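Spelled out from the first residue to the last, the chains are:
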Amino acid sequence: MIKWRQGTVETVEELWSGACQVQTRVGQDLVPAIAYVTLTGRPNVGDRVLLNVTALEKGLGTGGLALVVATPDRLPSDPAFTQGHVVKARYTPLQDMVLGVDEQDSPHHHLLADADSIDGMPVIAADLHSSVPAIIAGLRSVKPDAKVVYVMTDGGALPLAFSRNVAGLRRANWLTGAITVGQAFGGTLEAVNVHTGLLAARLVLGADVAVVSQGPGNLGTGTRWGFSGTSAGETLNAAHTLGGRAIAALRVSQADERPRHRGLSHHSRTAYGRVALVPADVPVADLDSEFGRSLSDQVDELIASTDGRLRRVDVDVTGMREVLDESPVLMQSMGRGLEQDEAAFLVAAAAGKHVAGLL
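Definitions and limits used
- Residue indices begin from 1 for each chain and proceed along its sequence in written order.
- Local features in this predicted model are restricted to residues whose pLDDT is 70 or higher, and side-chain atom pairs enter the listing and the counts only when it is 80 or higher, whereas totals over whole chains, interfaces and linings include all residues.
- Side-chain metrics in this entry use all non-hydrogen atoms of the structure; hydrogen atoms and water are not considered.
- Strands are runs of DSSP state E lasting at least two residues, helices are runs of H or I lasting at least four, and both sets are numbered from the N terminus onward.
- Only C-alpha atoms enter the radius of gyration; for comparison, a globular chain is expected to reach 2.2 Å times N to the power 0.38, where N is the number of residues.
- Working definition: with a 1.4 Å probe on protein chains only, accessible area under 20% of the residue-type maximum means buried, over 50% means exposed, and in between means partly exposed.
- We call two residues in contact whenever any of their non-hydrogen atoms come within 4.5 Å of each other.
- Each accessible area is a Shrake-Rupley estimate made with a 1.4 Å probe; only the visible protein chains count as cover when residues are assessed.
- Charged-residue counts in this description rest on Lys and Arg as positive and Asp and Glu as negative, His and the chain ends being excluded.
- We put the charge of a Lys on NZ, of an Arg on CZ, of an Asp on CG and of a Glu on CD.
- In this text, buried Ala, Val, Leu, Ile, Met, Phe, Trp, Tyr and Cys residues form a nonpolar core when linked through side-chain atoms within 4.5 Å.

**Q** Teacher, can you tell me more about the overall build of the protein here?
**A** A count of helical and extended segments in the protein gives 11 helices and 19 strands. Radius of gyration (C-alpha) of the protein: 21 Å, near the 21 Å computed for a compact globule of 359 residues. In terms of principal-axis extent, the alpha carbons of the protein reach across some 60 × 50 × 35 Å. For the protein, buried positions account for 53% of its 359 residues. Once local pairs closer than 6 in sequence are excluded, the contacts in the protein between residues at least 24 apart make up 69%. For the protein, the exposed area adds up to about 16200 Å²; of that, 50% sits on carbon and sulfur atoms. Placing the 31 positive and 39 negative side-chain charges of the protein at their respective mean positions leaves the two points 3 Å apart.

Structural data, given as structure tokens:
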């Protein structure tokens, strides 16, 4: 069920490419909203806007904003005709047609038509979008010139423009490009699925490393299987199938109040222990603390459950806190930053540092 409201735009602020922060007046209330300009056009002060307020009124942590659906009194102009027949957010009222990197009209189609290998490229799979900056920070601490491509799957937000992380990483030149796959859209390149996304990262953008996660706003239900992060295990399968080096970035927390996510998250246990069916490296930060020792035991249990399919790799993260502090984007996950949940980011950074040693 969707909750609708009508509002009047009071302020418009450019966030980054493709997105605007809009303050709207709905009755007596000021309601914050986001507008994706490629879908709705750019709202102007004074415009009447139609808002979807479902997530806002539900009080969601990620995505707790109203969404501008349309400016009914001033429709955006029709875009210039472009090639492409790949439809994203298919059969929703705001479906968008894009040029897929892998489709026949693409100038890169000849590279991908029969492509079947990413030639050993490391592929780092992560459950949470918030792990991506820490992973890249760890990688750059050893290999600052590595060409990193981010591949965003469609388990969370569909518009790449919703991601502050990617916008900041691109501004800092920490990313060579971003590829949106499945129903996700707005990347440097668009691809049909994670397989062609990885092939395009390697063969079109020349990536040394691909980092793959869902967009912001992962979905979980508190059940063993009902969470969108199972896609991390599917990413490892795709990487191995295409001749890549599969790397599993662990989701951990020392501050999450939910027992299933304290220490090694059950999402990592399921995605890497059950969904993934291929060999993969599991980087583990060497944390000299009671939490670190408990986490180490949990990882050993995960490794043992896979009969040697997963390979533990211990990573020295001495000095990594300072590296994370200098990141061009804020380290924050589930509303917690470095001060509240340092281990979550150190373990993600360990995955990046491990991969740097493989290049």
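On we go.
**Q** What exactly am I supposed to notice about the environment of Ala89 here?
**A** With respect to the helices and strands, the residue Ala89 is situated in the loop between strand 6 (86–88) and strand 7 (96–98). Residues Ala89 and Ala184 lie 95 residues apart in sequence; the distance between their C-alpha atoms is 7.3 Å. Residues within four places of Ala89 in sequence aside, it is in contact with Leu94, Gln95, Leu158, Gln183 and Phe185.

**Q** Got a minute to help me understand the nonpolar core in this structure?
**A** As a rule of thumb, nonpolar side chains are buried together in soluble globular proteins. One finds Ile124, Ile179, Leu198, Leu236, Leu250, Tyr272 and Leu324 to be the most contacted residues of the largest nonpolar core, which totals 87 residues. Counting 12 residues, the second largest nonpolar core, distinct from the first, contains Cys20, Val26, Val53 and Ala66.

**Q** Whenever I open this one, the side chain of Arg321 confuses me. Can you help?
**A** Mapped onto the elements, Arg321 comes out in helix 10 (residues 320–325). Aside from chain neighbours lying at most four places away, what touches Arg321 is Leu338, Glu339, Glu342 and Leu346.

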